[in-house]
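Fold and contact review
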Protein chains: 2
Amino acid sequence: MGKGKKKSKVRQKQKKFQKSKSKTKSRQYSQKKASLPAKTPTKSTAYLVAIAQINTLVGDISGNTKKIIAYMEQAKERGAQLVVFPELSITGYPPKDLLFRQDFVDTNMQKFIEIVSACKGIIAVFGFVNKENGVLYNAVACVRDQKIIGIQNKSHLPVSDIYDEKRYFTEGSNADIIYAGNLRIGIIIAKHTEEETAIQQLVAKGIDLLVCISAVPYSIEKNQEQYAMLIAKKYQVPYVYCNCVGAQENLVFEGASFVVDKNGLVSARLKKFGEELFLADINKAGSSFIPSKDQTSEVYQAITLGIRDYFAKTGHAKAVIGISGGLDSSVTATLAVHALGKENVIGIILSSKITPKESLQDAKKICGNLGIVWKQVNIDPIVLLYARAAGCSYDKKNISFTEQNIQTRTRAALLMNYANKNNALVLSAINKTDLATGYFTIYGEATGALAPIADLWKTQVYLLAGFINVLQKQKSKANFIPESIIKKQPSQELRLGQKDSDDLPSYDVLDKILQLYVVHKKDIHEIAKMKFDAELVRKIVFMVVKSEFKRQQMPMPLRISSYSFGRSWQYPVVSGWRG
Amino acid sequence: MGKGKKKSKVRQKQKKFQKSKSKTKSRQYSQKKASLPAKTPTKSTAYLVAIAQINTLVGDISGNTKKIIAYMEQAKERGAQLVVFPELSITGYPPKDLLFRQDFVDTNMQKFIEIVSACKGIIAVFGFVNKENGVLYNAVACVRDQKIIGIQNKSHLPVSDIYDEKRYFTEGSNADIIYAGNLRIGIIIAKHTEEETAIQQLVAKGIDLLVCISAVPYSIEKNQEQYAMLIAKKYQVPYVYCNCVGAQENLVFEGASFVVDKNGLVSARLKKFGEELFLADINKAGSSFIPSKDQTSEVYQAITLGIRDYFAKTGHAKAVIGISGGLDSSVTATLAVHALGKENVIGIILSSKITPKESLQDAKKICGNLGIVWKQVNIDPIVLLYARAAGCSYDKKNISFTEQNIQTRTRAALLMNYANKNNALVLSAINKTDLATGYFTIYGEATGALAPIADLWKTQVYLLAGFINVLQKQKSKANFIPESIIKKQPSQELRLGQKDSDDLPSYDVLDKILQLYVVHKKDIHEIAKMKFDAELVRKIVFMVVKSEFKRQQMPMPLRISSYSFGRSWQYPVVSGWRG
């Protein structure tokens, strides 16, 4: 999560220039940038395309349709000749098994017709589910003056980690040009990396504009612009990319739509993580300026949007979080407050006879910093009853594994019960490192509706905490997340004096090993060769392998990498494999 | 789950005949069935094929290889000329994301070579992961005298509900004949329904034997024989079908391999739900006898095998079950005892001030009938503490939803804690009807490692209880599951006098509506037209839709239908769809 600090002097100049422009309302890049090299002169005639980077709700076909029609009207009023919506904008993305429902698909077709009827005085391009001869296509329509002037079915369906489109859709045939008045448009859907054959065909037939409608979830590693720039330059055609925005369950769509001119330079960039209707002249020349990418800031925005939309779209307002005084719960609570407002977050401090005083102080301090309502509950009376029922004594000096599990499950139940009573949702503060190693109790720490930081390695949680402090320092002088929380030795505090480092190596080392194993699929020997202790690697790998049963019942992790636990990771629970 | 009682007189005769034979060791059908029509005379030369219907463990490449070699030796000793193993027998099925690990695939290739080296004096056909030019195929090898005489890559990869093979494998090219001495063999993998094109090609080239190796999970509805019979007759070629057996996580493989003669008559049937090495003469004529199918008996066998293998393959012996005195826990406990032995099942009776005396009596009675160790824990002291912490009073006469949830979560935690302490696994007694309607508490009833009856509608649980009683009556005169349990009004017993019928229609009606919605994808209007109250249908459908978040974190349901919750059902948690 570096901040991309390698900047040439030219780029720095460009950025400075850009900043001076940033207060103007339009996000379109000015033609007046005389100091920047303009590789080709812009055409004299402007062609205004409105990019409708909208946030839809899966299954809310009526609501999505209303939004599409409203944006279409707005685009027309603002003088656009063409308006573009994201992939499957009528149904929302991904509709999952709702696609198996005939009534769902038929409702989508009815609304499709409603949009066609509403389309007057503008050309509209939007995604929908196309039912032809009994099979379904992930399709895009181009419509003008109440007439369908073209339908394109997606031709390369991904067998995706996220969403298996082949489960529902048939692959369409090759791409055709759509004649929209004087403009010849080629349209592709989503995975432009897989659509180059289609693009070649379209270009060979002769197109004036390439449009890509998309629903690509955010991930730290991805960059949609780069490929689009190459394509536009290679085929000398302007490229309009319209992605959806908003969170749908575990997926966050970042928006970040853009326009690339025919020389491969970006001429317009839309908001990240926000809804927007943006007007761009496709004949305007772009700039070679590439904004620096702050991954941690993006992660922060992705997660807060993820939390906000999960609550808004499920009709909940309030979140309940167990506050331990540790890093994970502090960061999770802060993100929740930023997403939902401090009035909607309730902190519950679940202390026991094992909890150190300092942790209680830290827990209260972070609640204070956040300005949230909090309450403290001592878990010991319940833990003691549970321990006795299981045949344990809950003796402070001699806490067994069972008693550690009892403590975390008691905490989870207290949170769930409180949430039930107050129509709230529990947020789990579990991180990816703990999920990977199984360093948590099933029905304990990984309990709740959503796990906002479950796709962040512990080292990334530290970076995020640092980012939050920088962000908040603009408002107050003090560190927002207390230094004592960031600097303390991580501990589950389930037995006296326990430290994570008793069971695990330092998180720097651990996260590296886990990434090599989980993400890069390296084996024990390969990892050991990278100067890690072979026995340690073996131990960690075995922790991952044997804890799969816990991950099978975990709460939804907000996905911010292209390799989050959940659908991206389909490991057997029952297995003889130890590597 | 009818018992297929429509039998013609001819079939009844055949069955009688068959029964008289059933005590002989060989399960091969006798040639002496003079009374049965023999459509073609059998060839004079016998060709003995050994079908090795083995139970593998996913990832246990060494163990699986040892088993393959041992069975190969045994087949040779018993005089077989050819031995056939199931699909992906080296790796076990389904290997899931272990296939993304290079070390895993390479180990599989090493063991492949080991099997080739061990193969002397017999032809062996077995499934493995074939790595060619950097891509993976789901493949079958034919090997003789330490030489590979043919490799066939699976040509039609299913985008399956169970397991998405396209995630890992590339599709192979067309099928080729394998020349094994005088025998020309055509081999296909798994889904013979999708392989007819390959079969046609093979037959056109001329084959003496069609072999299908498979890993098809059990489901109530499926019948692999019927299609094989049609194929064999249509193309006039003997057909050997070798399926694997045993349970792998939520999937149960039934075995039930068979041989069909070239006239489409079954000449050999292997065990259902058991490992077996079976020798069949492929030139022997089959019989038109089709054994009657007792679905409930099959379900019983599938579930007990599922439980047994889950424990054996994860290295656990003991199960903990909460015994309520209701039907679901009684049936689950009985299945567990049949699978694991009574010495390995611990019943915990979790009573509260709301529990009726009759339920306690029934709970103790079923534990007594099963002969299992049981203990009783009163949950009230813990529930009261939880209730107070959440701001409730746990007043017997006025129990809120939150207090109902508290009771079930307390029970779940008591079971989990006890299991932790005793190195046991908790079995959940949740059924499919409750899963579908969300008529359970998250982290409550749906808690545990495995949910054995979670793919049975409540009406099917009743049938299974009846089957168990018939089965056990052979041993004792009394009903095994007490009549009082079967006849009582189902209740969650979370508030005084509660009955399931307060919230739900009768299970007869409910299950029909749920099946129409969940399995057959009918919409509210279509279901209402089938003479169900429209308001009731709407209410039930909404229960299904809004409870998806609970199913996302449920324990593994043992799959016994082709439409179990889990991977077969991918509904959005966050959705605006209400239909």
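In this text, all values refer to a predicted model and were calculated from it rather than measured experimentally.

Within chain A, the secondary structure is distributed over 18 helices and 20 strands. Here the C-alpha atoms of chain A give a radius of gyration of 26 Å, agreeing with the 25 Å that 2.2 N^0.38 yields for 579 residues. With the C-alpha coordinates of chain A rotated into their principal frame, the extents come out at 80 × 60 × 50 Å. Considering chain A as a whole, with its 579 residues, one finds that 54% of them fall into the buried category. By sequence separation, contacts in chain A at least 24 residues apart represent 71% of the contacts at least 6 residues apart.

Interfaces are often sized by the accessible area lost when the parts come together. Residues and elements named next belong to chain A. Per the domain assignment, the segments of chain A are domain 1 (46–293) and domain 2 (298–501). Placing a centre on the C-alpha atoms of domain 1 and another on those of domain 2 gives a separation of 40 Å. Contacts between the two partners involve nine residues from domain 1 and, on the opposite side, nine residues from domain 2. When residues of the side of domain 1 that touches domain 2 are traced back to their parent elements, those giving at least two are β10 (245–248) and β11 (251–254). In terms of residue class, the side of domain 1 that touches domain 2 is made up of six nonpolar, one polar and two charged.

All right, on to the environment of E535 of chain B then. Residue position: E535 of chain B is located in helix α17 (residues 534–546). Spatially, the C-alpha atom of E535 of chain B lies 9.2 Å from that of I524 of chain B, the residues being eleven residues apart in sequence.

If you look at the biggest cluster of nonpolar residues, it comprises 369 residues, and the most contacted ones within it are V84 of chain A together with V84 of chain B. Among all residues touching V84 of chain B, those that are not within four sequence positions of it are V49, I51, A52, V125, V211, I213, V240 and C242 of chain B.

The next thing to look at is the relation of the copies chain A and chain B. The two copies are related by a screw motion: chain A maps onto chain B through a turn of 180° and a shift of 0.0 Å along the axis, at an RMSD of 0.0 Å. What we have between these two chains is a two-fold relation. Within chain A, Q553 of chain A has its C-alpha nearest the rotation axis, a separation of 2.2 Å.

Before going further, it helps to examine helix α8 (residues 357–370) of chain A. All names here are of chain A. Helix length check: α8, at 14 residues, gives a terminal C-alpha distance of 20 Å against a target of 20 Å (1.5 Å per residue), a fit within 8%. Burial in α8 covers these residues: S359, D362, A363, I366, C367 and L370. Along the long axis of α8, the arc covered by the buried residues comes to 135°, so they all point the same way. Seen from the buried face of α8, the exposed residues on the opposite side, beyond 90 degrees, are K357, E358 and G368. Where α8 is buried, its residues contact α7 (327–340), β16 (345–351), β17 (373–378) and α13 (483–487). Taken from the residues just after α8, G371 is the one with a positive phi, measuring 70°.

Attention now moves to the interface of chain A and chain B. Each partner contributes residues to the interface: chain A has 63 residues there, and chain B has 63 residues. Looking at the side of chain A that touches chain B element by element, the count peaks at twelve residues for helix α10 (residues 401–421) of chain A. Residue classes in the side of chain A that touches chain B are distributed as 32 nonpolar, 17 polar and 14 charged.

Predicted confidence across chain A gives a mean pLDDT of 90, with 91% of residues reaching 70 or more. Every residue in residues 1–43 of chain A is under pLDDT 50, and counting partners more than four places away or in other chains gives 41 contacts.

All names here are of chain B. The strand order β5-β4-β3-β2-β1-β14 describes an open sheet built from six strands, whose pairing is mixed. Taken across any chain shown, the strands that pair with only one partner, and hence form the sheet edges, are β5 (147–153) and β14 (276–281). Each adjacent strand pair in this sheet contributes to an overall mean axis angle of 30°, direction not counted. Here strand β4 (residues 135–144) runs beside β5; their pairing, made up of six bridges, is antiparallel.

All names here are of chain A. For A215, the position within the fold is in the loop between β8 (209–214) and α5 (224–235). Sequence separation between A215 and E254 is 39 residues; the distance between their C-alpha atoms is 9.2 Å. Once residues within four sequence positions are removed from consideration, A215 is found in contact with P86, E87, L88, Y93, A190, N243, C244 and F253.

The omega torsion of the bond from Y93 of chain A to P94 of chain A falls at -5°, within 30 degrees of zero and hence cis. You can see P94 of chain A is positioned in the loop between β2 (82–84) and α3 (102–118). Despite not being glycine, E249 of chain B has its phi angle at roughly 60°, a positive value. With respect to the helices and strands, the residue E249 of chain B is situated in the loop between β10 (245–248) and β11 (251–254). Exposure remark for E249 of chain B: the 25 C-beta atoms within 10 Å place this residue in the buried category.

A few words now on the sheet that holds strand β7 (residues 183–189) of chain A. Residues and elements named next belong to chain A. One open sheet accounts for six strands, arranged β6-β7-β8-β9-β12-β13; its pairing is mixed. With one partner strand each, in any of the chains shown, β6 (178–180) and β13 (266–269) form the two edges of the open sheet. Strand-to-strand twist across the sheet, computed as the mean angle between neighbouring axes with direction ignored, equals 20°. Taken together, the three bridges between β6 and β7 define a ladder with antiparallel strand orientation.

Let's shift gears to the pairing of strand β7 (residues 183–189) of chain B. Residue and element names in this part refer to chain B. Taken across its seven residues, β7 has five buried, putting it largely inside the fold. Where strand β6 (residues 178–180) hands over to β7, the hairpin turn is made up of two residues, of which G181 adopts a positive phi near 65°. As defined by bridge partners, β7 adjoins strand β8 (residues 209–214) across five bridges and the pair is classed as parallel. Of the residues in β8, the one forming a bridge with I189 is I213.

Here we take up the packing of helix α6 (residues 295–314) of chain A against α7 of chain A. Residue and element names in this part refer to chain A. Closest axis-to-axis distance for the α6/α7 pair is 8 Å, and the angle between their directions is 60°. Relative to α7, the element α6 is oriented oblique. Along this stretch, α6 crosses α7, giving a crossing that reads as right-handed. Contact with α6, carried on its side by I303, T304, I307, R308 and F311, involves L335, A336, H338, A339 and L340 of α7 and no other residues of that element. Residue classes in the contact of α6 with α7 are distributed as seven nonpolar, two polar and one charged.

Another aspect to go through is helix α15 (residues 507–519) of chain A. All names here are of chain A. Those residues of α15 not exposed but buried are Y507, L510, D511, I513, L514, L516, Y517 and V518. As for α15, its buried residues are in contact with α11 (432–437), α12 (458–473), α16 (524–529) and α17 (534–546). Positive backbone phi, at 60°, marks K521, one or two positions downstream of α15.

What follows concerns the environment of T107 of chain B. On the secondary structure map, T107 of chain B appears in helix α3 (residues 102–118). Along the chain, T107 of chain B and Q570 of chain B lie 463 residues apart, while their C-alpha atoms are 33 Å from each other.

Rules behind the numbers
Residues numbered from 1 in each chain as written. Chains lettered and ligands numbered in written order. Predicted model: local features only at pLDDT ≥ 70, side-chain atom pairs only at ≥ 80, totals over all residues. Helix = DSSP H or I, 4+ residues; strand = E, 2+ residues; numbered from the N terminus. Rg over C-alpha atoms; globule rule 2.2 N^0.38 Å. Buried ≥ 20, exposed ≤ 12 C-beta atoms within 10 Å, placed from the backbone. Contact = placed C-beta atoms within 7 Å. Domains from an automatic or database assignment. Nonpolar A, V, L, I, M, F, W, Y, C, P; charged D, E, K, R; others polar. Core = buried A, V, L, I, M, F, W, Y, C linked by C-beta atoms within 7 Å. Least-squares fit on C-alpha atoms with pLDDT ≥ 70 in both. Expected span 1.5 Å × (residues − 1). Arc of directions from axis to C-beta. pLDDT = per-residue confidence, 0-100. Pairing = 2+ DSSP bridges. Axes fitted to C-alpha atoms, helices over the stretch in contact; angles between N-to-C directions. Parallel < 35°, antiparallel > 145°, perpendicular 65-115°, else oblique. Left-handed = near helix turned anticlockwise from the far one by under 90°.

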